[in-house]
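Next come the chains, spelled out residue by residue.
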Amino acid sequence: MSEVRSPVESDIMAHYSRAAGHIGLIRLANPPVNALSSAVRHDLCRALERASADTGAKAIVLCGENGLFCGGADILEFSKKTGGPALVPLINAIEAGEKPVVAAIEGVALGGGLEMALGCHYRIAHCQARLGLPEVMLGLLPGAGGTQRLPRLIGFPAALELITTGRHVSAEEALTLGLVDQVTDGDVQEAAVKFAQRVADEPLASRRLSTWKPPCPADLDTLLQGALGRLQSRARGALAPVACVHALQAATLPFAQGIEKEQELMATLFSSPQARAMQYCFFSQRIVGKWSLAGRANWKNTPVRTVHRAAVVGLGTMGRGITVTLVRAGIPTVAMEMDRGQLQAAQQAVTAMLEREATKQKRSLDSYLQLVQFTLERRHLQDVDLVIEAVYEDLALKKRLFSELCAVCRPDAILCTNTSGLDVDVIAGTTRRPEVVVGMHFFAPAHVMKLLEVVRGPRSSPVAVATVVHLGKLLGKVSVVVGNSPGFVGNRLLKPYMEQANFLLEEGATPEQVDGTLEEFGFAMGIFRMSDLSGLDVGWRVRRESGLTGPAVRPEESPRHRLGCRYCPLADLLCERGRLGQKTGQGWYLYEGPEGRKALPDPWLHGFLDEYRRQHALKPRRIDQQEVLERCLYALANEGFRVLEEGVAAGPEDIDTIYVLGYGWPAHMGGPMYHVATVGLSAVLTRLEHFHRAHPDVPQLQPSALLRHLVAQGSPPISKWRELVRVQRSQL
Ligand SMILES: CCCCCCCC/C=C\C/C=C/C(=O)SCCNC(=O)CCNC(=O)[C@H](O)C(C)(C)COP(=O)(O)OP(=O)(O)OC[C@H]1O[C@@H](n2cnc3c(N)ncnc32)[C@H](O)[C@@H]1OP(=O)(O)O
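On a predicted model such as this, the values are computed, not experimentally measured, just so you know.

Calculation notes
- Numbers given to residues run from 1 along each chain, matching the order in which its sequence is written.
- Where totals are concerned, whole chains, interfaces and linings use all residues; where local detail is concerned, this predicted model gives features only for residues with pLDDT of at least 70, and gives and counts side-chain atom pairs only at 80 or more.
- Excluding hydrogens and water, the side-chain figures rest on all heavy atoms present in the structure.
- In DSSP terms, a helix is any run of H or I states spanning at least four residues, a strand is any run of E spanning at least two, and both are numbered starting from the N terminus.
- The reference for a compact globule is 2.2 Å times residues^0.38; the radius of gyration itself is calculated from the C-alpha atoms.
- Three labels apply to residues, based on accessible area from a 1.4 Å probe with only protein chains included: buried if under 20% of the type maximum, exposed if over 50%, partly exposed otherwise in between.
- Throughout, a contact is declared for two residues whenever any of their heavy atoms are within 4.5 Å.
- Surface accessibility follows the Shrake-Rupley procedure with a 1.4 Å probe radius. Residue values consider only the protein chains on display as shielding.
- Only four residue types enter the tally: Lys and Arg on the positive side, Asp and Glu on the negative side; His and the chain ends are excluded.
- Here the site of a charge means atom NZ of a Lys, CZ of an Arg, CG of an Asp or CD of a Glu.
- Helix span, as expected, comes to 1.5 Å for every residue beyond the first.
- Working note: the arc is built from the helix axis to C-beta atom directions.
- Throughout, the protein atoms alone are placed on a 1 Å grid, and a set of points is a cavity if a 1.4 Å probe fits but cannot get out or a pocket if it is open with protein on both sides within 12 Å along at least five of seven lines; lining residues have an atom within 4 Å of a point.
- Grid points are joined across faces, edges and corners, and a volume is the space filled by probe spheres set on the points.
- Here the limits of each domain have been adopted from an automatic or database domain assignment.
- Residues enter a patch when their relative accessible area is above 30% and they make no salt bridge; the linking distance is 9 Å between like charges and 5 Å between nonpolar side chains (Val, Leu, Ile, Met, Phe, Trp, Tyr).
- A pair is scored as a salt bridge if a Lys or Arg side-chain nitrogen falls within 4 Å of a carboxyl oxygen belonging to Asp or Glu.
- In this text, near means that some heavy atom of the residue lies within 4 Å of the molecule or strand in question.
- Classification convention: Asp, Glu, Lys, Arg as charged; Ala, Val, Leu, Ile, Met, Phe, Trp, Tyr, Cys, Pro as nonpolar; all other residues, Gly among them, as polar.
- Two strands pair under a simple rule: DSSP has to find at least two bridges between them.
- Simply put, an axis is a line fit to the C-alpha atoms, just over the touching stretch for a helix, and the angle between two N-to-C directions goes from 0 to 180 degrees.

Caption draft 1: View of the overall build of the protein chain. In terms of regular secondary structure, the protein chain is built from 29 helices and 19 strands. Relative to its length of 732 residues, the protein chain is compact, with a C-alpha radius of gyration of 28 Å against a globular reference of 27 Å. When the backbone C-alpha atoms are referred to their principal axes, the protein chain occupies close to 95 × 60 × 55 Å. Relative to its 732 residues, the protein chain shows a buried fraction of 55%. Within the protein chain, residue pairs in contact and separated by at least 24 positions form 72% of the contacts whose partners lie at least 6 positions apart. Accessible area of the protein chain: about 30800 Å², with a carbon and sulfur share of 55%. In the protein chain, which carries 80 positive and 76 negative side-chain charges, the distance between the mean positions of the two groups comes to 2 Å.

Structure follows, in structure tokens:
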């Protein structure tokens, strides 16, 4: 492809040149993702003017540099007042132009990027490209005509699904949906130029989506009402998905009216606290990738080892999910068990999971199965680059296993433990190579949940940490590097949160009341429903091992106190009665039977709570929603400040990412640290002081030193905490 570029044009962010065969070429050049910043929009307007004035160009190809079409509007600009041409009229101008415009999509076309492509008259995609309207994930809607053009092009049902989930689709799926006109596995710009030459003289009128009548299904109202109902119950107070449906509803109106409605809805979302919170989440998930260790090693200067072959040892629920995750990412994996019966059961389960995956990805099951080797034999671990241990959460067992792994694996093999809170350094200490040992804490179900806590032990090498973080990215996870503290970050913060919920039961609340309040706040699941789902025995075992309950407790000790601090034995009492949660059909709730899913209020439990309060002379009182939220969430965030003080997490973004991706904290509320920053640190401090005065035997309610310090500093914005904490720690 020949093109003429002047030196001046090479400096601008959307520049115009001429490709072969009378085709004008506009290239977006705003690395890393060609976001449509005000400067890009400005230059794009100029480039369009030049292209339409160029009498030598019969058609135009619009493409992006850096192997990527466009990542959408510049999210950084959302919190600033920026000028530049607005996107809606710009896209309207592309569509209204007299020359056909062909979008050449490679890499991604997302958000405003895809909306711009929808304003083009044709779309050609590279086979590896991904397309989507993910604005809902940022608390917004596709407000550059996307809610109006997409249903006109692909119909309401598909548009509704794409816009309300923000899901990216592959080029192949985009072709099936009619979202693109052609897919190529060659050079997409060359294909687009050839395509543009072919269509240069075709009439344009029928290619302008704004003139199309949307294909309205007879049951459109039912479809949209059904979606609204589902979203309102699932999105738990999130505004954006609901606004997306309303905007789509307006696509039945003439285009100009539909756009007006879209803009009106966008304006309310754009300035909403929810959108700010979700955009904070977006950037937090990128900030956590920029880890650094105590020395000078960090994400930029540390080499990564390629994992050509991995192994998973222990094929229970977690091990199976981890195996599927590795295989799905194309990594040859040894899947090992110690017991033949267990291995057979795991092989069946993993095969069934991979079969579902193959159907979803339109791939053959064999292409997955050939990547996995099920085995009972240790010798198959000899040539792997990385092992993930996923055996039962028992320190002695893990220690034994790691000393065996050290003997059998290559000296440079990285040895990871999927413990959810045990001391990674103690495990590492059983090997001769503690530097290759790293924690890799997956969340259940491991093949679904996006979060990975990467636990750096004090002796983990930077290369081992970097390799595990990189592997996490290949597996589609967001890795957060955390310190080796009991429970790491996620489970450590869960403890005070759970404790407060339990204390509230002693004081007069019911599980339904606490969960209802948390779910109304936006949690996918209240704390008691979540405990029932994970199994009450998990925490019971930890408490027995740490001597908080069970035979180690001295008989003279009060059941409601341990080591001078308040203790609530309610969960232990349920476990002693065999009420372990969903798996036994009874826990904090009643289920239709063992493994039942629907949590029903349990009259027995209510009677049990009454009796417990009587026995312990606890006078039940009315507890309002505000107290439930403040006690549970402030205690959790207070522990978050301690975790920051101790350097177990590098910044509030790390904690918030962990809670949003791993613990069902609603993204539209930002995360626990973002939440307290929004409430106001001074107000949170006052409430914690109040609660601690009322409950002096609960140390978790005592405000942390960092919280006090931040308040004393005038409550700086959350974006400044990371640096403040880093400086404070470096002075210790
Ligand atoms: C009063 C009414 C006012 C109305 C005003 C209306 C204005 C808006 C009009 C229309 C609506 C359009 C809205 C949008 O388009 S919103 C944006 C939609 N796009 C996205 O959500 C895409 C977000 N990006 C991604 O998903 C990924 O970054 C990726 C798939 C593009 C690339 O992934 P990967 O290779 O893994 O790289 P990173 O994620 O690490 O990103 C690299 C780097 O780039 C930054 N970045 C990515 N996308 C954007 C963006 N859209 N804007 C700004 N910056 C972006 C990212 O933060 C990383 O930065 P770094 O950490 O500093 O390196």
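Caption draft 2: Layout of helix H29 (residues 718-730). In this model, H29 (13 residues) spans 19 Å end to end at C-alpha, consistent with the 18 Å of a helix rising 1.5 Å per residue. Listing the buried residues of H29 in full gives Ile 718, Trp 721, Arg 722 and Val 725. For H29, the buried positions fall inside an angular range of 100° around the axis, keeping them on one side. The exposed residues of H29 that point more than 90 degrees off its buried face are Ser 719 and Ser 730. Where H29 is buried, its residues contact helix H11 (273-287), helix H24 (625-645), helix H25 (652-662), helix H26 (672-679), helix H27 (681-694) and helix H28 (705-712).

Caption draft 3: Representation of the layout of surface pockets within the structure. What the second largest pocket holds in volume is close to 650 Å³. Lining the second largest pocket are 21 residues, and of these Ser 292, Leu 293, Ala 294, Ala 650 and Arg 729 sit closest to its centre. Top contributing element to the lining of the second largest pocket by residue count: H29, with five residues. Here the lining of the second largest pocket spans two domains, since at least three of its residues come from each of domain 2 (302-488) and domain 4 (625-731).

Caption draft 4: Highlighting a positive patch on the surface. Together, Arg 286, Lys 290, Lys 300, Lys 450 and Lys 473 give the surface a local cluster of positive charge. When you line up the elements, Arg 286 lands in helix H11.

Caption draft 5: View of the domain arrangement of the protein chain. Per the domain assignment, the segments of the protein chain are domain 1 (3-269), domain 2 (302-488), domain 3 (509-615) and domain 4 (625-731). Centre-to-centre separation of domain 1 and domain 4, based on C-alpha positions: 40 Å.

Caption draft 6: Quick peek at the pattern of salt bridges. On inspection of all chains with the given rule, the structure shows 40 salt bridges. As a salt-bridge pair, Asp 654 and Arg 722 come within 2.7 Å of each other at their nearest N and O atoms. Linking Asp 654 in helix H25 with Arg 722 in helix H29, this pair joins segments that are 68 residues apart in sequence. Here the salt bridges share partners, and the residues they tie into one network are Glu 506, Glu 507, Arg 560, Arg 566, Arg 621, Glu 627 and Arg 631.

Caption draft 7: Quick look at the environment of Leu 175. Here Leu 175 lies in helix H6 (residues 171-177). Using a relative accessible area of 39% as the deciding quantity, one classes Leu 175 as partly exposed. Separated by 50 residues in the primary sequence, Leu 175 and Ala 125 have C-alpha atoms spaced 8.7 Å apart.

Caption draft 8: View of the site of the ligand. Around the ligand, a shell composed of 26 residues is seen, among which Gly 71, Ala 73, Gly 112, Arg 286 and Lys 290 lie nearest. Summarising the interface, the protein chains cover 71% of the accessible area of the ligand, which totals 1200 Å² for the free molecule. Contributions of two or more residues to the shell around the ligand are made by helix H3 (112-119), helix H10 (255-270) and H11. A breakdown of the residues in the shell around the ligand according to their chemical character gives 15 nonpolar, five polar and six charged.

Caption draft 9: A look at the pairing of strand S17 (residues 478-483). With respect to burial, S17 is a largely interior element, six of its six residues being buried. Every second residue of S17 is oriented toward a common face, with Val 478, Val 480 and Val 482 on one face and Ser 479, Val 481 and Gly 483 on the other, all of them buried. Pairing analysis gives six bridges linking strand S16 (residues 451-456) to S17, with the strands arranged parallel. By the bridge assignment for S17, Leu 452 is matched with Ser 479.

Caption draft 10: A look at the sheet that holds strand S4 (residues 101-105). Read from one edge of the open sheet, six strands run S1-S2-S3-S4-S6-S9, paired in mixed fashion. Two strands lie at the open edges of the sheet, namely strand S1 (14-19) and strand S9 (182-184), each paired on one side alone. Direction aside, the axes of adjacent strands within the sheet are offset by 25° on average. Where strand S3 (residues 59-64) meets S4, three bridges bridge the pair, whose relative direction is parallel.

Caption draft 11: Region of the structure containing the environment of Lys 58. By the secondary structure assignment, Lys 58 is in the loop between helix H1 (38-53) and S3. As for Lys 58 and Ala 158, which are separated by 100 residues in sequence, their C-alpha atoms are 34 Å apart. Once you skip the residues sitting within four places of it in the chain, Lys 58 turns out to touch His 22, Lys 99, Pro 100, Ala 200 and Asp 201.

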